[in-house]
Amino acid sequence: MVSTPDEQQGYRGSATHEVTNQAPPLAPYDASDDTALLEGLRREGAGWAEEDLRRLGRQAGSAQVREWADLANRHEPELRTHDRYGNRVDEVDFHPSWHHLMRTAIAEGLAASPWADGRPGAHVARTAGGLVWGHTEAGHGCPTSMTYAAVPALRTQPELAKLYEPLLTSREYDPVLREPTEKRGLLAGMGMTEKQGGSDVRTNTTTATPTAEPGVYTLRGHKWFTSAPMCDVFLVLAQAPGGLSCFLVPRVLPDGTRNTFRIQRLKDKLGNRSNASSEPEFDGTVAWLVGPEGQGVKTIIEMVNCTRLDCVMMSAALMRTSLVEAGHHARHRSAFGARLVDQPLMRNVLADLALESEAATTLTLRLAGAADRAIRGDEGEAAFRRIATAVGKYWVTKRGPAFTAEALECLGGNGYVEDSGMPRHYREAPLLSIWEGSGNVNALDVLRALSREPGTAEALFGELALARGADARLDGAVTRLKTGLSEASQTTARRLVEQMALTLQASLLVRHAPAPVADAFCATRLGGDWGHAFGTLPRTAGLDTIVERALPGEGPGAGAG
Ligand SMILES: Cc1cc2nc3c(=O)[nH]c(=O)nc-3n(C[C@H](O)[C@H](O)[C@H](O)COP(=O)(O)OP(=O)(O)OC[C@H]3O[C@@H](n4cnc5c(N)ncnc54)[C@H](O)[C@@H]3O)c2cc1C
């Protein structure tokens, strides 16, 4: 490394003063050093993946990977619509750091590889990996998530699945644009949202015209949002003669020629800046039918079930990484004669954030366990997954922006500065409650599940019953929830789903977390002994135990920086 002129003269930081009381760099650290995560991994049937998870955690917390995350977000993807001769190319160029992140994530099984892994717990292991790798940066989690989620939807068209699934589940990242079957690994995206409607996809105007060849159509129309447009194949909704249908659209056709996939522009977004989100147009675009005509929503919902879990996972990961940053800063920064972590009010803030983070992580892993068992044919878990994923998507992603804002504030002014990485987490957080069904849409989806699939309520209350008698506040919340269900309406859907989420999180913590964690969660989130901001835990809460569980080695008595 080349030293600066100041360093050559022996200055450290500045000629006018000594730099003191700034936290040292957090990296290298182990992003898997998270008791709630490791306990959840074992409980949900993927203890066998622990060694790999620990290795991934050290990698995620390394200075090298943190630099990739930073660079991939500073050097945003650029759209190249034409080549120098005026031919359309529709290519997106990325910083090399993006490719490093993608290559590692895919090699570590964070895309679609669990579908090719027969081991019980394979989907849990992937989710736990996402919780750990999510400490890096969220943008590249979009294509890996869509690739994971495309597989169950594609399986509704077995001949297409036979061809493409082995490549989607590959652990090789192959970013070169080529005919899909000639590649070592594929990425999948999805195109549902159009200008006139995203949540209400029934308003899609893109048309699908059948050709003489069975199952082959041509598309004409547009999408308003299609992320990761450099993917190899896309699941796209379009109006066929039989109604809204799902199609597979390759960017390169089997004869090696380019399919028509005109990228009009890339979105200039609040966050998620490493990832490209595009506006494509289709005009004579070749597409293959996936699932029956007219069953597009039913087909693509298989994909959405998986991406929704990933939204919960990514929100929980953002919470955890923000908490780790906040705890690190509080441990090393002193104000008014004591380290911040030892200031009682800062301990209250950190403990409150730690409760929220553990509840999010524990719920994420429970949902991943349900998905894993449902995929292997467990009907009870399928019913639980159906309702609890929508509940978790609504609530955990809603908590993300408030959580990341509070964690950012723990770093004071430093937290507001890009170098800290905290602004990136803060900007990312609201996206997770927008895509894959915005807040209202998820809340209404819970009502839909309750009315159309009564087994889902049974599965949820069956889960809650496992904690019956352990905490009076929890028992009271379950009783209130039953009343709430009988009065469910669109107007009050958010109230109901919030109540469901908190009761479910509390039941999981009562069953699995140490008593002070469960007790403080029940007292505040169910018992009402709480304010409206983080850091309002009651005096009786076991703050030290909560902080030490969440931030090992960061509590009182840990070495001051
Ligand atoms: C960065 C980014 C990347 C994206 N990538 C993709 C992608 O790759 N593929 C893709 O298909 N889409 C993508 N999207 C689109 C995203 O999924 C939609 O924006 C989202 O589903 C909401 O749809 P909309 O924008 O049309 O809003 P609308 O559907 O118009 O919703 C606006 C608001 O109204 C609420 N609302 C809707 N219906 C109701 C109702 N019945 N009752 C009460 N409230 C309601 C919603 O909750 C929301 O708050 C992306 C979006 C972003 C921001």
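It should be emphasised that the depicted structure is a prediction, and the values quoted were computed from it without experimental measurement.

A. How the structure looks around the site of the ligand. Around the ligand lies a shell of 20 residues, among which M192, T193, G198, S199 and S227 are the nearest. Between a nitrogen atom of the ligand and a main-chain N or O atom of M190, the distance comes to 2.9 Å. Within the side chain of T193, one N or O atom sits 2.8 Å away from a nitrogen atom of the ligand. Calculation on the ligand without its partners gives an accessible area of 980 Å², and the protein chains cover 66% of this total. For the shell around the ligand, the secondary-structure elements that each account for two or more residues are β3 (188-191), β6 (226-227) and α13 (439-452). Here the element with the most residues in the shell around the ligand is α13; it accounts for three residues. Of the residues in the shell around the ligand, the class split is eight nonpolar, 10 polar and two charged.

B. The side chain of S170, seen in detail. Residue position: S170 is located in the loop between α8 (158-168) and β3. Residue class for S170 comes out buried when judged on its relative accessible area of 14%. A polar contact is formed between the side chain of S170 and the backbone oxygen of R184, at a distance of 2.8 Å. With residues near it in sequence (within four places) discarded, S170 still touches I106, R184 and G185.

C. Broad picture of the pattern of salt bridges. As enumerated under the stated definition, the model contains 46 salt bridges in all. Where R55 meets E108, a salt bridge forms, and the shortest distance between an N and an O atom there is 2.9 Å. One end of the pair, R55, is in helix α3 (residues 50-60); the other, E108, is in the loop between α5 (96-107) and α6 (122-133), with 53 residues separating them in the sequence. For R220, the salt bridge is made with D283, and the minimal N-O distance between the two is 2.9 Å. Here R220 is found in strand β5 (residues 216-222), whereas its partner D283 is found in strand β10 (residues 277-290), with 63 residues between them in sequence. We classify D283 as partly exposed; its relative accessible area is 31%.

D. Focus on the environment of A354. Along the chain, A354 falls in helix α10 (residues 344-375). Judged by relative accessible area, A354 falls into the buried class, the value being 5%. A354 sits 116 residues away from A470 along the chain, and the two C-alpha atoms are 22 Å apart. Beyond its immediate sequence surroundings of up to four residues, A354 is in contact with L323, I546 and A550.

E. Fine view of the nonpolar core. Counting residues in hydrophobic clusters, the biggest one holds 163 residues, and the most contacted among them are L219, L235, F247, L248, M303, L350 and M500. Counting residues domain by domain, this core receives three or more from each of domain 1 (35-294) and domain 2 (298-550). Excluding anything up to four places from it in sequence, F247 contacts A208, Y217, L219, F234, L235, V236, A238, A240, A287, W288, L289 and V290. If you look at the next biggest cluster of nonpolar residues, it comprises seven residues, including A138, L318, A429 and L432.

F. Spotlight on the pairing of β10. Across the 14 residues of β10, 10 count as buried, placing the element largely inside the fold. As paired strands, strand β8 (residues 243-250) and β10 are joined by three bridges and run antiparallel to one another. What sits directly across from L248, in β10, is W288. Taken together, the three bridges between strand β9 (residues 262-266) and β10 define a ladder with antiparallel strand orientation. Looking at the pairing, L266 lines up with S278 of β10.

G. Main features of the packing of aromatic side chains. One pass over the full model with this rule turns up eight aromatic pairs. Ring centres 6.2 Å apart and planes at 20 degrees place the aromatic pair Y164 and W288 in the stacked group. Residue Y164 is found in helix α8, and its partner W288 is found in strand β10; the two are separated by 124 residues along the sequence. Linked through ring pairs, F234, F261 and F282 together constitute an aromatic cluster. The ring centre of W224 lies 3.2 Å from the NZ or CZ of K267, which sits over that ring.

H. Layout of the UniProt feature "domain: Adaptive response protein AidB N-terminal" (unreviewed entry) in the protein chain. UniProt records the feature "domain: Adaptive response protein AidB N-terminal" (unreviewed entry) at residues 21-175, using the numbering of this structure. Secondary structure across residues 21-175 divides into 52% helix and 7% strand, with the first and last C-alpha atoms of the span separated by 44 Å.

I. The arrangement of the packing of helix α2 (residues 35-43) against α3 in detail. For the pair α2 and α3, interaxial distance at closest approach is 11 Å and the crossing angle is 150 degrees. The orientation of α2 with respect to α3, classified from their angle, is roughly antiparallel. Relative to α3, the crossing made by α2 is right-handed. Contact with α2, carried on its side by L37, L38, L41 and R42, involves E50, L53 and R54 of α3 and no other residues of that element. In the contact of α2 with α3, the residues fall into four nonpolar, no polar and three charged.

J. Looking closely at α2. All buried positions along α2 are accounted for by A36, L37, L38, G40 and L41. Regarding α2, its N-cap is D34, as a side-chain oxygen of that residue lies 3.2 Å from the backbone nitrogen of A36 further along.

K. Structural detail: unusual backbone geometry. The amide bond that connects A27 to the next residue, P28, takes the cis arrangement and shows omega of 0 degrees. Take P28: it is sitting in the loop between α1 (5-8) and α2. For N21, which is not a glycine, the phi torsion comes out positive at approximately 60 degrees. Mapping N21 onto the fold places it in the loop between α1 and α2. Although it is not a glycine, E436 sits at a positive phi angle of roughly 60 degrees. By secondary structure assignment, the location of E436 is in the loop between α12 (422-428) and α13.

Cut-offs used in this document
Residues numbered from 1 in each chain as written. Predicted model: local features only at pLDDT ≥ 70, side-chain atom pairs only at ≥ 80, totals over all residues. Heavy atoms only, no water. Near = heavy atom within 4 Å. Polar contact = N/O pair within 3.5 Å; in protein donor to acceptor, adjacent residues only side chain to side chain. Areas by Shrake-Rupley, 256 points an atom, 1.4 Å probe, with all protein chains shown as cover. Helix = DSSP H or I, 4+ residues; strand = E, 2+ residues; numbered from the N terminus. Nonpolar A, V, L, I, M, F, W, Y, C, P; charged D, E, K, R; others polar. Buried < 20%, exposed > 50% of the residue type's maximum accessible area, 1.4 Å probe, protein only. Contact = heavy atoms within 4.5 Å. Salt bridge = Lys/Arg side-chain N within 4 Å of Asp/Glu carboxyl O. Core = buried A, V, L, I, M, F, W, Y, C linked by side-chain atoms within 4.5 Å. Domains from an automatic or database assignment. Pairing = 2+ DSSP bridges. Phe/Tyr/Trp six-rings, centres within 6.5 Å; stacked < 30°, edge-to-face > 60°. Lys NZ or Arg CZ within 6 Å of the ring centre and 35° of its normal. UniProt positions renumbered as here; feature names shortened; annotations may be inferred. Axes fitted to C-alpha atoms, helices over the stretch in contact; angles between N-to-C directions. Parallel < 35°, antiparallel > 145°, perpendicular 65-115°, else oblique. Left-handed = near helix turned anticlockwise from the far one by under 90°.

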